[in-house]
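Each chain, written out:
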Amino acid sequence: LINQLPGVDISPDGTIYVGGKIIEELLLNGKDFFDKDRNTILDNLPAFMVKDFTVYEHRGDSTSVIERERSHKGFVMDVRLKKEYERNYSANAGVGGGTDGHYYLSLFGLLINPNSRLSGFATSNDLNQSETYNRYLSIQTYGSGEMKSSSAGVYYNWDDDKKGLFTISGQADIRMNDCLDLSSGSSEYFYNSGNAFGRKFSDMRSDDMSFHTHNAIVLFRDFNIFFILNHSDKETTGESATAKFSSEQAYDILGEDWKDSISSVSPGESFSKYGITRQMSQSLGETDYTELYLRTNKLFNIANTRNYIYVSADLNNVSRRRTDYIHNRYEYFKSGQPVDSRNEYSKYENKTLIANFTVEYNHKLNSRLTLEPSYNLNYSRGESDSPRYLLQRLDGWGNADMHPLGTLPNSEQLSSAIDVINSSWSKSYFVKHKPQIELSYNVSKNKSQQEKLTKDFIMKIPLQIVSGNYNYRCVLSDTSVSERFILPAMELNYSIENSNIDFRKKLYEEFSILP
C-alpha cells in the first residue's frame, strides 16, 4: 500500500514519513482502528481500493461523540477508500515447505465496515521464528536449537458513531512454542601429570503457552473500562552429562552410543579402565504466571458550570508459581571418594494485589484560577513462599532411579527434608491515604498570530497517611516491622511555555511528623 502512495515513505521499523514528517496516527476513513496494528492494512489492503489520502495536524475533534477522537493530537495520515470498498472483506494465506520436512503456514482475514472492523490471523512454522502482529509485524528469530511456533489472534473495533453510547476495541492472542536444544562436544585437558579427555552433552526441551487479551470499553461517551488478562505457563526438561577420562582410548570403547554410555547409572568398561570423574544431571521446571488488570474511570460534568468530578479505580492482581526438580550425581573413579547424589525440590509462589481509588473535584474559581481537592487510596498486599527441600536426606531418595524426576514423598517426609538455610517466607500489606489540595493559576496570551505564551503556577499540598506491616522469616531472621506515619508536604511548580521555550521549576518538601 505505502509503495503505491506518492510522497510517502516507510522505514524498516515501520515508521511512516510524509514530506519528512513522522505520521503519529494512521487512520482509515477517519478511524484509528488499525493504528495499533498498522501491519494489518499496510500488508493486506490492496492499493486499488484506495481513493486518496490526506495528511494534516490533528488537534482533536471536539464535536465527536467518541472520546478518543476528541483527544487525537499530532500528524495523522487518513487513507480514504473508494465508496464501493468501504464495506469489504479480504483474506490471504501462505504455505511453504522445504527440506527435512520444514514448513510454514499463515492465514489472515479482514472484515471492514464504516464503524467496525474484525481481523484475525494464524501462523505455524518450524523455522525458529515467532511472529507477532502488533503495531507492526514483529518476527523474532532464534539462532540455536529447533523451535516449532504457532500463534493465532483477533483484533476488533466497534464504534457507535450516532449516539456515542459505546466504543469497543481490543485484541486476544495465543502463542505456543516447542523448543529443542541439543549440544555435544569433546575436550582435552592439559595437566602436568598427563592429559585428560572429556565428552559432554546437553539435551534441553521447553514447551510454553501464553495468552494475552486487552480490551477497552467506553460507555456513554466518557465511562471507561479497561481490562487486561495475561497468562503463561512453561515446562522445561533437561538432561546432561560430562565425563572425563585418562586416555583417548575410552572414546573407542564408548562408540557411537557414547551419550547413553556416559549417562547410564551403572558405569561401563570405559569408566572402569579410564574414568576420572563423571557428572550427570536431570531437571524439570514448571512455571506459570497470571495477571489481571482492571481499570475504570468516569468524568461527571456539573451542569451549567465548567466544574467536574473525576473518579477512577484500578485493580492489579498477579500470581506467579515455579517448581524445580533437580537430580545431580557426581562420581570420582580415581580418588576413591564416595558417590555424591543430590535430589532437590524447590518451589516459589508469589501473590500480589494492588488497588487504587481516586476522586478529584475541579472547581474553576475564575478564568485563571482553579482549585482541585482530591483524595487517593492505595492498598497493596503481597505474600511470597520459597521453600527448598533436600530429598537425598530421606532414606531411598538419594538414587534417582528409585524415584523418577517430578515425584515427591508424603507431606510428613517432605517437611523433614526442608533446607531451612535456603528457604524463606514473607508477607506484607500497606494502606496509603493521600488527601491533597491543588491551586493552579494560568496565564495564557497570544504574543503574535504564530506564538502563544503560557505561564502556569501550581501549588500542591498533599498529606500522606501510611500504615503497613511487613513480615519476613528464614533461618537467620524472623522479622516483623509495622509502620504508621503522617507525611505532609508542599510542592510548587512554575512553568513558562511558548513555541521556543519550555521552562519548569519544581520545589518539593516532605515533613514526617508521626514516626
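Residues numbered from 1 in each chain as written. Predicted model: local features only at pLDDT ≥ 70, side-chain atom pairs only at ≥ 80, totals over all residues. Heavy atoms only, no water.

Concerning the side chain of Asn230
Logical step 1: With respect to the secondary-structure elements, Asn230 resides in strand E15 (residues 223-245).
Logical step 2: You can call Asn230 buried: its relative accessible area is 18%.
Logical step 3: Ignoring any residue separated from it by four or fewer positions in sequence, one finds Asn230 in contact with Phe211, His212, Tyr289, Thr290 and Glu291. (Helix = DSSP H or I, 4+ residues; strand = E, 2+ residues; numbered from the N terminus. Buried < 20%, exposed > 50% of the residue type's maximum accessible area, 1.4 Å probe, protein only. Contact = heavy atoms within 4.5 Å.)

Focus: the sheet that holds strand E4 (residues 25-28)
Logical step 1: With mixed pairing, 3 strands are arranged side by side in an open sheet as E4-E6-E5. Edge positions in the open sheet fall to E4 and strand E5 (50-58), since each of these has one partner strand only. Ignoring which end each strand starts from, the neighbouring axes of this sheet average 20 degrees apart.
Logical step 2: Pairing of E5 with strand E6 (residues 74-81), which is carried by 8 bridges, proceeds in the antiparallel orientation. (Pairing = 2+ DSSP bridges. Axes fitted to C-alpha atoms, helices over the stretch in contact; angles between N-to-C directions.)

Considering the sheet that holds strand E1 (residues 8-10)
Logical step 1: Read across the sheet, 3 strands follow the order E1-E2-E3 without closing on themselves; strand pairing throughout is antiparallel. In this open sheet, the two edge strands, each paired with only one partner strand, are E1 and strand E3 (21-22).
Logical step 2: Of the pairings in the sheet, the one linking E1 to strand E2 (residues 16-18) comprises 3 bridges and is antiparallel in character. Bridged to Ile10 within E2 is Ile16.

Overview of the pairing of E6
Logical step 1: Here E6 lies mainly inside the structure; 6 of its 8 residues are buried.
Logical step 2: In this sheet, E6 lies alongside E4 in parallel orientation, the contact comprising 4 bridges. Residue pairing across strands places Leu26 opposite Met77, the latter belonging to E6.

Some remarks on unusual backbone geometry
Logical step 1: The phi angle at Asp100 is positive, at roughly 55 degrees, despite the residue not being glycine.
Logical step 2: Tracing the chain through its elements places Asp100 in the loop between strand E7 (88-97) and strand E8 (103-113).
Logical step 3: If you check the backbone angles, Asn304 has positive phi at about 65 degrees while not being a glycine.
Logical step 4: As for its placement among the helices and strands, Asn304 is situated in the loop between strand E16 (275-301) and strand E17 (308-332).
Logical step 5: A relative accessible area of 84% means that Asn304 is categorised as exposed.

Quick notes on the packing of aromatic side chains
Logical step 1: Overall, the coordinates contain 11 aromatic pairs when judged by the stated rule.
Logical step 2: Between Phe245 and Phe271, the ring centres sit 5.1 Å apart and the planes meet at 45 degrees, which makes this aromatic pair tilted. Of this pair, Phe245 sits in strand E15 while Phe271 sits in helix H5 (residues 269-274), and the two are 26 residues apart along the sequence.
Logical step 3: We classify Phe271 as buried; its relative accessible area is 2%.
Logical step 4: With a centroid separation of 6.2 Å and 45 degrees between ring planes, the pair formed by Tyr441 and Phe457 is classed as tilted. Remark: Phe457 occurs in strand E22 (residues 452-474) and Tyr441 occurs in strand E21 (residues 424-446); sequence separation between them is 16 residues.
Logical step 5: One aromatic cluster is present, formed by Phe245, Phe271 and Phe333 through successive ring pairs.
Logical step 6: Sitting over the face of the ring of Phe271, Arg278 holds its NZ or CZ atom 4.8 Å from the ring centroid. (Phe/Tyr/Trp six-rings, centres within 6.5 Å; stacked < 30°, edge-to-face > 60°. Lys NZ or Arg CZ within 6 Å of the ring centre and 35° of its normal.)

A few points about the pattern of salt bridges
Pairing is possible between side chains that carry opposite charge, provided their charged atoms lie close to one another.
Logical step 1: A full pass over the atoms with the stated rule returns 13 salt bridges.
Logical step 2: Note that Asp222 is salt-bridged to Lys298, the shortest N-O span being 2.7 Å. Of this pair, Asp222 sits in the loop between strand E14 (196-219) and E15 while Lys298 is found in strand E16, placing the two residues 76 residues apart along the sequence. Neither residue differs from the other here; Asp222 and Lys298 are each classed as buried.
Logical step 3: Across the pair Arg295 and Asp314 runs a salt bridge, and its minimum N-O distance is 3.4 Å. (Salt bridge = Lys/Arg side-chain N within 4 Å of Asp/Glu carboxyl O.)

So, a negative patch on the surface
Logical step 1: Together, Glu239, Glu256, Asp257 and Asp260 give the surface a local cluster of negative charge.
Logical step 2: In this fold, Glu239 is placed in strand E15.
Logical step 3: For Glu239, a relative accessible area of 31% corresponds to the partly exposed category. (Patch = residues over 30% accessible without salt bridge, like charges linked within 9 Å, V, L, I, M, F, W, Y side chains within 5 Å. Areas by Shrake-Rupley, 256 points an atom, 1.4 Å probe, with all protein chains shown as cover. Lys, Arg positive; Asp, Glu negative; His and termini not counted. Charge placed at Lys NZ, Arg CZ, Asp CG, Glu CD.)

Considering the nonpolar core
Logical step 1: Ranked by size, the top nonpolar core spans 19 residues in total, and within it Ile16, Leu28 and Met77 carry the most contacts.
Logical step 2: Put simply, the parts of the chain that give this core at least two residues each are E2, E4, E6 and E8.
Logical step 3: Core analysis: the second largest hydrophobic core is formed by 13 residues, Phe201, Ala250, Tyr251 and Trp258 among them. (Core = buried A, V, L, I, M, F, W, Y, C linked by side-chain atoms within 4.5 Å.)

What about the pairing of E15?
Logical step 1: In this structure, E14 lies alongside E15, joined through 23 bridges in antiparallel fashion. Pairing of Asp203 across the sheet is with Glu239, part of E15.
Logical step 2: What sits between E14 and E15 in their antiparallel hairpin is a turn of 3 residues, with Phe220 showing a positive phi close to 55 degrees.
Logical step 3: One ladder, built from 23 bridges, connects E15 with E16; its direction is antiparallel. Across the sheet, the residue bridging to Ile228 is Tyr293, located in E16.

As for the environment of Tyr189
Logical step 1: Tracing the backbone through its elements, the reader meets Tyr189 in strand E13 (residues 166-189).
Logical step 2: Considering only alpha carbons, one finds Tyr189 and Lys244, 55 residues apart in sequence, at a separation of 9.1 Å.
Logical step 3: Polar side-chain contacts of Tyr189 include one of 3.2 Å to the side chain of Ser187. (Polar contact = N/O pair within 3.5 Å; in protein donor to acceptor, adjacent residues only side chain to side chain.)

Description of a nonpolar patch on the surface
Logical step 1: Residues Tyr89, Leu111, Leu118 and Val154 make up a contiguous nonpolar surface patch of roughly 410 Å² in combined accessible area.
Logical step 2: Structurally, Leu118 is set in strand E9 (residues 116-125).

By themselves these figures say nothing about function.
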